[in-house]
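A structural walkthrough
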Amino acid sequence: MKMANSDSLKDIANRLRINSIKATQASKSGHPTSCASMAEIMAVLFFDTMRYSLKEPRHPASDRLVLSKGHSAPILYAAWAEAGLFPQSDLLNLRKIDSDLEGHPTPRLNFVDVATGSLGQGLSCAAGMAVIGKYFDKTDFRTYCLIGDGESAEGSIWEAMAFASYYKLDNLCAIFDVNRLGQSEPTALQHQMDVYEARCRAFGFEPIVVDGHDVNALVAAFAKAAATKDRPSAIIAQTYKGKGFPDIEDKDNWHGKPLGDKADVVIKHLESQLKNLSLPIKPFNGSAPEVDMKVSLCEPPSYKLGEKVATRQAYGTSLVKLGKTNPRVLAFDGDTKNSTFSETYKKAFPDRYIECFIAEQNLIGVGIGAGCRGRAIPFVSTFAAFFSRAFDQLRMGAISQANIKCVGSHCGVSIGEDGPSQMALEDLAMFRAIPGCNVFYPSDAVSMERAAELAAQRKGIDFIRTSRPATPCIYSNDTVFEVGKAKVVKQSADDQVLLIGAGITLHEALKAADQLAQQGINCRVLDPFTIKPIDATGISENAKACKGRIVVVEDHYPEGGLGEAVSGALSGETGITIKHLAVREVPRSGPPDALIEKYGIGANSIIAAVKSFA
């Protein structure tokens, strides 16, 4: 049955194709054939299905669209220009250095929530947005995620689908653009639509197989998806790469190439099909609850000096204190909550805890999505080692201007008998490499609570490294902490060496300093608190007060951790000598104290390093 607006939608689809060609011709790069396969999908989404505001593209009540196949950015830009957000002439600035219309979408644009382009990540972010809409905002916005068939080979797509069905995200619609061709050859399934359908159904989605170039069928499919309850929907659209491009449609070797000298012929062909019809966008009058993102600990830390508390345990305590002042503090975990102590938050606020199970890529993606549009403060926890599985999601999170707080427990050899597979020895290097990421390394329960508070109070990516063993509280409950400001925890008037440690190794440094003092060698001990930003001024001043001698000790591999952060901070200084103690080989299982000693990061090794200055 032909719908009243079908000719207009067909026209819009072809104009989107034309503008995608023109944009990629102007930039001499891009993916016009990948855009062409989804032209009808985009026309129907923007001019029949989605509700959104041109005045405020990120209105909290408007529908969300995540273009997971980010290389098709030109048609996303063309759709917003067609809707009237900005002049269509701006499309010719695609990929220019002074234009925000980049090769793949980023939130530099006011209509983009998350950066895409590293494939397979969009659906997790969309699921995070849908969680907020269904369970927290409790408003009726819908979230759409457009996925390429090639990227559906990524396991993160299926992690996201398992999560979305578990949480019955009926406000989420995944759209698979099954255009048959990948970058270098046909996709594994090509047009086996029955296999896509069976897989989506098996993962708990309502599958809707449709001709992706039939606007009437698409309108009906999106209506069916919107009417589906208690499970997410998957529109599986059979399409053709380069659809409507003579001598190019459904042919290999056209991925990621402008049409070159074929562009004029293709554009004339598409223009010959136009009836010069258009459609206005649907009126938008949505509303969403106001949210206040101010947050602080509901009360200060309450520990006794010398009391032994693991920083991972103090994390759970701090999260509850934050949650008491702001209901938008949310906890996400990957089935490690009884080890990371996020279960403390679940017990206090079960409706604000989201279990992501053992799927760390999706864990991070969901957290990034949940933090979009300032609707939540997501704390995401797991063993610190397992964040390495999701480094690509974290890297893309920086490009997405994400607001996500990552808390990694079980760092270093100090976890003991579980062995090297569970020991985070690369995590500081990984998070330090992420642009704009603050890296906290609290050494006791008091500093842990304040680290969580400081992380919650700023927008951006933060990493808090927590330890498994219980360690003594060394700070009074009223101690003030600042990002980028170190604390001197032991000093005298005639210190000979500056000892710098964090977490477990700070306590080893204090033990070493006490033993050395008995031998007449005074050492100053410094806790950096944040590894990034590092307190370069504080370290330099204290090093100079200790004859320019530094021993840095860390429960981490030497590359990229505390030692290299200190060395980098002092790279322009003269008269400073640094000895660096770190774990320098793949460790093994054993008791924590024995491992600390064996791998040269304990008090005895620190003492030997200090004496070697003589």
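Residues numbered from 1 in each chain as written. Predicted model: local features only at pLDDT ≥ 70, side-chain atom pairs only at ≥ 80, totals over all residues. Heavy atoms only, no water.

Thoughts on the overall build of the protein
Which entries qualify depends on this criterion: Counting from the N terminus, the helices are the DSSP runs of H or I reaching at least four residues and the strands are the DSSP runs of E reaching at least two. In this description the radius of gyration comes from C-alpha coordinates, and the expected globular size is given by 2.2 Å times residues to the power 0.38. Working definition of accessibility: Shrake-Rupley area with a 1.4 Å probe, residue cover restricted to the visible protein chains. As used throughout, the charge tally considers Lys and Arg to be positive and Asp and Glu to be negative, leaving His and the chain termini uncounted. We put the charge of a Lys on NZ, of an Arg on CZ, of an Asp on CG and of a Glu on CD.
Of regular secondary structure, the protein possesses 21 helices and 19 strands. The C-alpha radius of gyration of the protein comes to 27 Å, within 12% of the 25 Å expected for a compact globule of 614 residues. With respect to the principal axes defined by its C-alpha atoms, the protein has extents near 90 × 50 × 40 Å. On the protein, roughly 22700 Å² of surface is accessible, and the fraction owed to carbon and sulfur atoms is 48%. Positive and negative side-chain charges in the protein, numbering 68 and 70 respectively, have mean positions lying 2 Å apart.

Notes on the UniProt feature "domain: Transketolase-like pyrimidine-binding" (unreviewed entry) in the protein
Quick note on the threshold: UniProt positions are given in the numbering used here, feature names are shortened, and annotations may be inferred rather than shown by experiment.
This chain's UniProt record puts "domain: Transketolase-like pyrimidine-binding" (unreviewed entry) on residues 309–473. Within the segment residues 309–473, helix and strand shares are 37% and 21% respectively, and the terminal C-alpha atoms sit 7 Å apart.

Some remarks on the packing of aromatic side chains
For clarity, the cut-off: Whether two aromatic rings pair depends on their centres lying within 6.5 Å, for rings of Phe, Tyr and Trp, where Trp uses its six-membered ring; planes under 30 degrees apart make the pair stacked, over 60 edge-to-face, and the rest tilted. Remark: exposure states derive from per-residue accessible area (1.4 Å probe, protein chains only) relative to the maximum for the residue type, with buried under 20%, exposed over 50%, and partly exposed in between. Only when the NZ atom of a Lys or the CZ atom of an Arg is both within 6 Å of the ring centre and within 35 degrees of the ring normal do we say a charge sits over the ring.
Enumeration according to the criterion identifies 21 aromatic pairs in this entry. Both rings, one in Tyr-475 and one in Phe-481, keep their centres 5.0 Å apart while their planes meet at 85 degrees; by these two values the pair is edge-to-face. Assigned by exposure class, Tyr-475 and Phe-481 land together as buried. Among the aromatic side chains, those forming a connected cluster through ring pairs are Phe-46, Tyr-52, Tyr-77, Trp-80, Phe-86 and Phe-111. Above the plane of the ring of Tyr-135 lies Lys-134, whose end atom (NZ or CZ) is 5.7 Å from the centre. Above the plane of the ring of Phe-613 lies Lys-579, whose end atom (NZ or CZ) is 4.8 Å from the centre.

A closer look at helix H18 (residues 536–544)
Put simply, the rule reads: Contact between two residues is taken to exist if any of their heavy atoms lie within 4.5 Å; hydrogens are not considered.
All of the buried residues in H18 are Gly-538, Ile-539, Ser-540, Asn-542 and Ala-543. Packing partners of the buried residues in H18 comprise strand S14 (487–490), strand S15 (497–500), strand S16 (523–527), strand S18 (549–553) and helix H19 (562–569).

Quick look at the nonpolar core
What counts, and what does not: For our purposes a nonpolar core is just a set of buried Ala, Val, Leu, Ile, Met, Phe, Trp, Tyr and Cys residues, chained together by side-chain atoms within 4.5 Å.
Among the nonpolar cores identified, the biggest contains 80 residues, and Phe-176 and Phe-431 are the most heavily contacted of them. Take this core: its biggest share by element is nine residues, from helix H5 (residues 122–137). Excluding residues that lie within four positions of it along the chain, Phe-176 makes contacts with Ile-147, Ser-152, Ile-157, Met-161, Cys-200, Ala-234, Ile-235, Ile-236 and Ala-237. Membership of the second largest hydrophobic core comes to 50 residues, among which are Val-44, Leu-65, Ala-78 and Phe-222.

A closer look at the sheet that holds strand S3 (residues 172–178)
Convention followed: For two strands to be treated as a pair, DSSP must find at least two bridges joining them. Helix axes are fitted to C-alpha atoms over the stretch in contact, other axes to C-alpha atoms as well, and angles between N-to-C directions run from 0 to 180 degrees.
Spatially, S1-S2-S3-S5-S4 is the arrangement adopted by the five strands of the open sheet, whose pairing is parallel. Among the strands making up the open sheet, the edge pair consists of strand S1 (64–67) and strand S4 (206–211). Neighbouring strand axes in the sheet, compared pairwise and without regard to direction, differ in orientation by 20 degrees on average. Sheet topology places strand S2 (residues 143–148) next to S3; six bridges connect them, and they run parallel. Looking across to S3, one finds that Leu-146 is bridged to Ile-175. Sheet contacts for helix H3 (residues 39–49): S1, S2, S3 and strand S5 (233–238); angle to S2, the most-contacted strand, approximately 175 degrees.

Thoughts on helix H17 (residues 504–518)
Helical geometry: 3.6 residues make up each α-helical turn, so side chains three or four residues apart lie on a common side. To keep things clear, this is the line we draw: A helix is expected to span 1.5 Å multiplied by its residue count minus one.
For H17, which comprises 15 residues, the first-to-last C-alpha distance of 22 Å matches the rise-based estimate of 21 Å (1.5 Å per residue) to within 8%. Among all positions in H17, only Ile-504, Thr-505, Leu-506, His-507, Glu-508, Ala-509, Leu-510, Ala-512, Ala-513 and Leu-516 are buried. The positive-phi residue at the C-terminal boundary of H17 is Gly-520, with phi of around 85 degrees.

Here we look at unusual backbone geometry
Cis geometry marks the peptide bond from Lys-532 to Pro-533, where omega comes out at -5 degrees. Tracing the backbone shows Pro-533 in the loop between strand S17 (530–532) and H18. A positive phi angle is found at Asn-253, which is not glycine, with a value near 70 degrees. Counting through the fold element by element, Asn-253 comes out in the loop between S5 and helix H9 (263–271).

Thoughts on the sheet that holds S14
What holds strands together in a sheet is hydrogen bonding between their backbones, with the strands either parallel or antiparallel. Reading across from one edge, S14-S16-S15-S18-S19 is the order of the five strands in this open sheet, with mixed pairing throughout. Unpaired on one side and paired on the other, S14 and strand S19 (577–581) mark the two borders of the sheet. For this sheet the average axis-to-axis angle between neighbouring strands, irrespective of direction, equals 25 degrees. Where S15 meets S18, three bridges bridge the pair, whose relative direction is parallel. Note that in S18 the partner of Leu-498 across the bridge is Ile-550. Sitting on the sheet, helix H21 (residues 603–611) is in contact with S15, S16, S18 and S19, with an inclination near 160 degrees to S19.

As for the pairing of strand S7 (residues 329–333)
With respect to burial, S7 is a largely interior element, five of its five residues being buried. Both faces of S7 are covered, namely the face carrying Val-329, Ala-331 and Asp-333 and the face carrying Leu-330 and Phe-332. Two strands pair when backbone bridges link them, and S7 and strand S9 (residues 377–383) are joined in this way by five bridges, in the parallel orientation. Across the sheet, Leu-330 pairs through a bridge with Pro-378, a residue of S9. Pairing of S7 with strand S8 (residues 353–355), which is carried by three bridges, proceeds in the parallel orientation. Counted as the bridge partner of Ala-331 is Tyr-353 from S8.

Observations concerning the domain arrangement of the protein
Note on interface size: it is often stated as the accessible area lost on association of the parts. Counted only if it meets this: As annotated, the domain borders come from an automatic or database domain assignment. Two parts placed together each lose some accessible area; with a 1.4 Å probe, that loss summed over both constitutes the buried area.
Each assigned domain of the protein is listed with its residue range as follows: domain 1 (1–273), domain 2 (307–473) and domain 3 (487–612). For domain 2 versus domain 3, the separation of C-alpha centres amounts to 25 Å. Facing the 37 residues of domain 2 at the interface are 33 residues of domain 3. With both chains or domains summed, domain 2 and domain 3 bury close to 2500 Å², and 62% of this area falls on carbon and sulfur atoms.

Notes on the environment of Leu-218
Looking at the secondary structure, you find Leu-218 in helix H8 (residues 215–227). The contact partners of Leu-218, leaving out residues within four places of it in the chain, are Glu-40, Ile-41, Val-44, Val-210, Asp-211 and Gly-212.

Quick look at the side chain of Lys-405
Condition: Throughout this description, a polar contact denotes any pair of N or O atoms lying within 3.5 Å of each other; where both atoms belong to protein, one of them has to be capable of donating a hydrogen while the other can accept it, and for residues adjacent in sequence the pair is counted only when both atoms sit in side chains.
Along the chain, Lys-405 turns up in strand S10 (residues 404–409). Here Asn-403 takes part through its side chain, which lies 2.9 Å from a polar atom of the side chain of Lys-405. Of the polar contacts made by the side chain of Lys-405, one reaches the backbone oxygen of Gly-460; its length is 2.9 Å.

Some points on the packing of helix H1 (residues 6–27) against H8
We count it as follows: For classification purposes, angles smaller than 35 degrees are called roughly parallel, those larger than 145 roughly antiparallel, those between 65 and 115 roughly perpendicular, and all remaining angles oblique. By the convention adopted, Pro, Cys, Tyr, Trp, Phe, Met, Ile, Leu, Val and Ala count as nonpolar, Lys, Arg, Asp and Glu as charged, and the other residues, Gly among them, as polar.
Remark: H1 packs on H8, axes separated minimally by 9 Å, with the N-to-C direction vectors making an angle of 100 degrees. One element, H1, and the other, H8, form an angle in the roughly perpendicular class. Taking contact as the criterion, the partners of Ser-6, Leu-9 and Lys-10 in H1 are, on H8, Val-215, Asn-216 and Val-219. Considering only residue class, the contact of H1 with H8 consists of three nonpolar, two polar and one charged.

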